[in-house]
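Structure at a glance
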Amino acid sequence: MSKNLLAPSHRISSENRFRAVKRRMLKSSAALAVVSACIGNMAIIPSVSAQSTDSHAALEEIIVTAQRRAESSQDVPIAITALTADFLMEKDIHTLADLNGLVPGFVTTNSVAYSQAPLSIRGIGGANGGANIFADEPVAVYLDGVYIGRLSFSTADLVDISSIEVVRGPQGTLFGRNSTAGALLVNTAAPTEDMEGRVSAGWASLGEWRASGVVSGALIPGKILARAAVSYSDVSGFGKNLVDGSALGGSEDFTARLKLSYLVSDALIVNLTSEYQDRKATPLTFQIADVNNPLASSPFVIRSDLEQMLDSDNYAINDPQFANSETLSSTLAISWDLGNVVLDLLSGFRSWDLVGAQDSDGSEFSNFNNTGRFDNTQYSQEIRLRSDGQQRAEWVGGVYYLHEDNAMSPLSINNINGFFGLGTNAVFDAFQNLDAIAAFADVSYHINDRLTLRVGGRLSHEKKKFENNQVVFVLNGGTVPPFIPPPLGGLTLPAGAILVPPTTFKDEASWDDFSGRAVLDFHLSEETLLYASYAQGFKSGGFNSFGLDPAFLPEGVETLEIGMKGDFLENRLRLNMAAFFSDYTNLQVRRPVPTGGAIVENAPAAEITGFELEMTALPTDRLRITGNVAYLHTEFKGGQLSAVPDDLLFPIGAPIPLVAVDIDGNRLSRAPEWQIYLATDYTFQIGDQGTGNLLVSLQHQSSVFFTETDQDQPTFRSNGWEEVDVRFTFTTADDRYELALFGSNLFDERHVTQVSALGSFPLGAVNEPAKFGILVTARF
């Protein structure tokens with residue numbers, strides 16, 4: 001096994017930082033301009049080499065809906081990566097978490113507490129990752145156009161997906177909910193007129209079994225179409241719990257979906273989708289710090305057996321660890337062509353319930369554990385009116401409404417050694433209601449055949465009502481030390497006695513925002529697009545689900561971006577590039593609480609400079625080469641956050657006072673400086689029986705931090721890593737049967753994918769070891 005777990009210390013110098021950021025942006029812009037100019041010549045000058053190779057190879061057009069209308073991804077002046085159904089199958093993508101390292105600027109993890117894996121784009125990943133269930137995410141996720149409010153989808157199985165569009169940068173003028181980092185548009189496959197279907201069954205090492213089936217066709221030809229999909233997976237998990245012999249890191253998922261399309265007329269289409277999902281997971285999280293002495297430990301001292309533990313995948317966790325969830329969702333989409341305009345109505349309902357438990361200290365010691373129940377119900381309604389795309393001015397406008405009811409009731413945090421050994425059981429019943437209303441519009445004016453100006457705006461009003469009821473009980477029982485002031489000093493308290501009387505905190509807050517965007521794009525040629533854009537993003541404030549404090553502040557961002565998209569060499573080469581600069585204010589970050597739980601604080605300012613390159617090439621009819629590179633420079637600009645003193649040894653769970661720590665110059669969390677992906681895909685004939693395809697890919701990600709403070713300490717960061725995957729697929733000549741053999745992480749490269757501070761101590765997650773498997777598919 002290759003071990004590459006913890007990174008060396010790194011801190012950015014604060015000298016001339018602002019000028020350095022501007023220089024980097026200018027250099028990126030200049031480099032992009034030079035490359036664009038050179039590529040522009042490629043688009044104009046015929047290619048001699050193209051004539052000497054296979055003459056029929058050409059890259060396919062990819063249709064996206066990132067601008068609320070179907071159009072070629074190469075004509076959209078937005079940094080977007082569109083992943084097709086074939087790509088998702090070839091890369092063995094089962095959840096959004098599996099996309100880590102494949103999409104430029106996208107970072108996530110495979111296993112976290114309560115299965116709520118945070119998503120990050122371009123260095124912005126939100127305040128979640130194991131605590132604040134009520135905080136909004138900077139990466140908005142949409143399923144068939146409907147916004148998903150909580151982190152209830154990031155580790156759920158993806159079933160019968162037609163495409164995933166990863167849109168980078170702040171979004172707001174074109175989507176239902178505003179977001180500051182980007183959006184993931186997950187589109188399920190649509191019903192078909194012709195009868196079709198498929199069944200798949202697969203096995204993989206580490207105890208993984210999967211089966212799925214799809215059937216689609218016309219119930220009433222030309223009128224009512226239907227598509228049904230069902231999927232089941234059982235993953236044992238690669239980790240062994242030495243305490244009870246159970247498996248960790250596994251899940252059991254069942255998903256069923258029914259989609260109906262009613263073709264009322266040529267102008268009116270009604271689509272109804274209903275989906276049910278049941279998930280039972282055993283997340284694998286473990287303690288990174290040395291907690292052998294629970295009465296005198298530090299979150300910044302690494303446990304000595306960390307590499308040995310990950311090498312053997314043997315863990316010792318003495319408290320229950322599970323996350324069982326149930327999701328029910330329905331979507332009604334109506335599209336009505338009224339002639340020169342199209343009316344779109346989109347209604348969404350989603351109910352998500354989760355019950356779980358976590359060994360909060362991630363060890364064989366009895367220090368911390370928690371259990372909780374989370375409920376989320378949301379309803380959204382979006383009404384859009386858009387032009388038919390036949391005029392010089394194309395436009396879309398609409399209104400959006402979202403209502404959410406969130407509950408964390410109850411969540412119980414057991415601090416075994418708290419309150420001088422008597423132990424504490426803190427019980428929280430917290431509720432939050434959200435009402436979000438927005439009006440938006442976006443206009444694209446084609447100045448001439450090559451030059452287009454796009455302007456959009458969004459007016460948002462969001463209101464949250466919050467209530468938190470909390471009470472603290474004695475957990476173990478015992479005698480309170482006599483030096484504690486009356487009336488508790490010297491008392492003997494039994495387990496279950498009330499230590500802190502019930503307290504209720506109620507508050508509400510509202511926020512108003514206007515976010516805009518402006519884009520100027522120019523077609524250098526029919527195949528080459530240049531663009532420059534300015535965009536704003538907004539994420540409302542909120543309340544700490546464990547707290548009794550007023551709301552934290554909303555988060556805002558302004559982003560400048562220039563880019564180029566082009567197809568060259570007779571559509572054998574596709575290059576997309578973007579350089580950007582983002583200025584964040586009141587960035588919402590997650591901070592630990594030593595007695596359990598977490599809070600959200602605002603960092604006053606942060607700047608991000610980056611560059612992204614995506615490439616697809618067809619040297620021959622049989623060989624395809626794809627790759628991408630992403631570079632990020634992230635930096636906090638002044639400010640302080642609360643943190644545990646880095647030189648203090650203290651009992652786990654002790655109510656130690658936090659200190660204010662300067663974060664000026666620190667890097668943002670989950671923001672790797674470099675990400676690289678490269679894949680070769682070769683197809684060849686196997687006699688008259690069919691075709692074979694061999695896919696080999698390499699992923700690289702540089703080191704990341706998982707905290708905004710104490711970046712000179714070793715426990716809240718991960719070193720860079722590389723993974724190599726391979727897949728061989730045989731498809732019969734009639735395209736009806738397919739056999740795939742695959743291996744992922746071939747060289748068993750292990751790395752920490754997430755670190756969350758619980759009780760201020762680092763609880764980590766790790767990637768899967770080397771895995772090999774087989775998948776059989778039959779189509780009809």
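Nothing here was measured: the structure is a model prediction, and the numbers come from that model. (Residues numbered from 1 in each chain as written. Predicted model: local features only at pLDDT ≥ 70, side-chain atom pairs only at ≥ 80, totals over all residues. Heavy atoms only, no water.)

**A look at the overall build of the protein**
Helix and strand counts for the protein stand at 4 helices and 45 strands. Whereas a compact globule of 780 residues would reach a radius of gyration of roughly 28 Å, the protein reaches 27 Å, a difference of no more than 12%. Overall, the C-alpha framework of the protein stretches about 90 × 60 × 55 Å when taken along its three principal axes. Out of the 780 residues belonging to the protein, those deemed buried represent 58%. Across the protein, the fraction of contacts at a sequence separation of at least 24, relative to all contacts at a separation of at least 6, is 70%. For the protein, the accessible area works out to roughly 29400 Å², and carbon and sulfur atoms hold 60% of it. Distance between charge centroids for the protein: 3 Å, based on 55 positive and 91 negative side chains. (Helix = DSSP H or I, 4+ residues; strand = E, 2+ residues; numbered from the N terminus. Rg over C-alpha atoms; globule rule 2.2 N^0.38 Å. Buried < 20%, exposed > 50% of the residue type's maximum accessible area, 1.4 Å probe, protein only. Contact = heavy atoms within 4.5 Å. Areas by Shrake-Rupley, 256 points an atom, 1.4 Å probe, with all protein chains shown as cover. Lys, Arg positive; Asp, Glu negative; His and termini not counted. Charge placed at Lys NZ, Arg CZ, Asp CG, Glu CD.)

**Some words on the sheet that holds strand β9 (residues 161-168)**
Here 5 strands make up an open sheet; going across it, the order is β4-β9-β10-β7-β8 and the pairing mixed. Two strands bound the open sheet, and with one partner strand each, they are β4 (80-84) and β8 (146-148). Neighbour to neighbour, the strand axes of the sheet diverge by 20 degrees on average, direction disregarded. Across 3 bridges, the pairing between strand β7 (residues 139-143) and β8 is antiparallel. In the sheet register, Leu143 faces β8, and the bridge partner there is Val146. (Pairing = 2+ DSSP bridges. Axes fitted to C-alpha atoms, helices over the stretch in contact; angles between N-to-C directions.)

**Observations concerning the layout of surface pockets**
Looking at the second largest pocket, its volume works out to about 890 Å³. In terms of lining, the second largest pocket is formed by 31 residues, of which the most central are Thr65, Asp144, Asn271, Ala333 and Arg384. At the level of secondary structure, the elements contributing two or more residues to the lining of the second largest pocket comprise β10 (182-188), β16 (250-263), β17 (268-282), β20 (322-337), β21 (341-358) and β22 (368-387). The class makeup of the residues in the lining of the second largest pocket is 14 nonpolar, 10 polar and 7 charged. (1 Å grid on protein atoms, 1.4 Å probe; cavity = no way out; pocket = protein on both sides within 12 Å on 5 of 7 lines; lining within 4 Å. Points joined across faces, edges and corners; volume = space filled by probe spheres on them. Nonpolar A, V, L, I, M, F, W, Y, C, P; charged D, E, K, R; others polar.)

**What to know about unusual backbone geometry**
Across the junction of Ser409 and Pro410, the peptide omega takes the value -10 degrees, indicating a cis bond. Here Pro410 lies in strand β23 (residues 393-415). Following Pro486, the chain continues to Pro487 via a peptide bond in cis, the omega torsion being 10 degrees. Inspection of the secondary structure assignment puts Pro487 in the loop between β26 (478-479) and β27 (492-493). A positive phi is found at Arg122, a non-glycine position, where the angle reads about 55 degrees. As for its placement among the helices and strands, Arg122 is situated in the loop between β6 (120-121) and β7. Accessibility expressed as a relative area gives 4% for Arg122, which makes it buried.

**Points about the environment of Leu618**
With respect to the element layout, Leu618 can be found in the loop between β32 (598-617) and β33 (623-636). Separated by 341 residues in the primary sequence, Leu618 and Gln277 place their C-alpha atoms 39 Å from one another. Not counting the four nearest positions on each side in its chain, Leu618 is found in contact with Ala57, Ala58, Leu59, Arg572, Leu623 and Arg624.

**As for the pattern of salt bridges**
Using the criterion set out here, one finds 37 salt bridges in the structure. Between Lys771 and Glu768 there is a salt bridge, with its nearest N and O atoms 3.4 Å apart. Judged by relative accessible area, Lys771 falls into the buried class, the value being 5%. On the accessibility criterion, Glu768 (25% relative accessible area) is partly exposed. Linked through salt bridges whose partners overlap, the residues forming this network are Asp92, Asp157, Glu208, Arg210, Glu768 and Lys771. (Salt bridge = Lys/Arg side-chain N within 4 Å of Asp/Glu carboxyl O.)

**Quick notes on the environment of Asp435**
If you trace the backbone, Asp435 turns up in strand β24 (residues 424-446). On a C-alpha basis, the gap between Asp435 and Phe175 in space is 16 Å, while along the polypeptide they are 260 residues apart. In contact with Asp435, other than residues within four places in its own chain, are Tyr401, Leu402, His403, His461, Glu462 and Lys463. Among the polar contacts made by the side chain of Asp435, one reaches the side chain of Tyr401 at a distance of 2.6 Å. (Polar contact = N/O pair within 3.5 Å; in protein donor to acceptor, adjacent residues only side chain to side chain.)

**What about the pairing of strand β12 (residues 208-220)?**
Sheet topology places strand β11 (residues 196-204) next to β12; 9 bridges connect them, and they run antiparallel. Of the residues in β12, the one forming a bridge with Glu196 is Ser216. If you look at the hairpin formed by β11 and β12, you'll find 3 residues sitting between the two strands, and Leu206 has a positive phi there, around 75 degrees. Linking two consecutive strands that pair antiparallel, namely β12 and strand β13 (residues 224-235), is a turn of 3 residues; a positive phi of about 80 degrees is found at Gly222 within it.

**Some points on the environment of Arg350**
Looking at the element boundaries, Arg350 is found in strand β21. Expressed as a C-alpha distance, the spacing of Arg350 and Gln699, which sit 349 residues apart in the sequence, is 35 Å. Apart from the residues within four sequence positions on either side, Arg350 is in contact with Leu143, Ile148, Ser152, Phe153, Thr327, Leu328, Ser329, Asn376, Thr377 and Gln378.

**Examining the sheet that holds strand β15 (residues 247-248)**
Read from one edge of the open sheet, 3 strands run β15-β14-β19, paired in mixed fashion. Both edges of this open sheet fall to β15 and β19 (314-315), since each of them pairs with a single strand only.

**Here's the deal with the packing of aromatic side chains**
Summed over the entire model, instances satisfying the criterion amount to 14 aromatic pairs. Measuring from centroid to centroid gives 5.6 Å for Phe420 and Phe483, while their planes differ by 85 degrees, and the two rings are edge-to-face. One end of the pair, Phe420, is in the loop between β23 and β24; the other, Phe483, is in the loop between β26 and β27, with 63 residues separating them in the sequence. Residue classification places Phe483 among the exposed positions, given a relative accessible area of 61%. The rings of Phe134, Phe466, Phe505 and Phe543 are connected pair by pair, giving a single aromatic cluster. Against the face of Phe580 rests Arg122, its NZ or CZ located 3.8 Å from the ring centre. (Phe/Tyr/Trp six-rings, centres within 6.5 Å; stacked < 30°, edge-to-face > 60°. Lys NZ or Arg CZ within 6 Å of the ring centre and 35° of its normal.)

**Details of the nonpolar core**
Core analysis: the biggest nonpolar cluster contains 42 residues, and Leu96, Phe153, Ile164, Leu184 and Leu587 have the highest contact counts within it. For this core, the secondary-structure elements that each account for two or more residues are α3 (85-90), β7, β9, β10, β31 (573-592), β32, β33 and β36 (674-686). The element best represented in this core is β31, accounting for 4 residues. Among all residues touching Leu587, those that are not within four sequence positions of it are Ile124, Glu555, Glu601, Asn602, Ala603, Ala606, Phe636 and Leu668. Counting 38 residues, the second-largest nonpolar core is a separate cluster that includes Val474, Leu499, Phe543 and Val644. (Core = buried A, V, L, I, M, F, W, Y, C linked by side-chain atoms within 4.5 Å.)

**Considerations on the confidence of the model for the protein**
Interpreting fine coordinate detail is not advised for predicted regions of low pLDDT. When pLDDT is averaged across the protein, the result is 89; 92% of the residues are at 70 or more. Segment residues 7-55 is flagged for pLDDT under 50; beyond a separation of four residues in sequence, or across chains, it makes 79 contacts in the model. (pLDDT = per-residue confidence, 0-100.)

**Concerning empty space enclosed by the protein**
A water-sized probe rolled over the atoms picks out the places where empty space is left. All chains considered together, the criterion is met by 14 cavities of 30 Å³ or more. In this structure, the largest cavity spans a volume of roughly 900 Å³. Surrounding the largest cavity, 49 residues form its lining, Ala97, Asp98, Asn110, Glu768 and Lys771 being those nearest its centre. Counting residues per element, the ones that place at least two in the lining of the largest cavity are β12, β16, β17, β37 (690-701), β40 (721-732) and β41 (737-744).

**As for the side chain of Gln675**
In this fold, Gln675 is placed in strand β36. From its side chain, Gln675 meets the backbone nitrogen of Gly105 in a polar contact 2.8 Å long. Among the polar contacts made by the side chain of Gln675, one reaches the main-chain carbonyl oxygen of Phe106 at a distance of 3.1 Å. Residues contacting Gln675, with those up to four places away along its chain left out, are Gly101, Val103, Pro104, Gly105, Phe106, Val107, Asn628, Val629, Ala630, His700 and Gln701.

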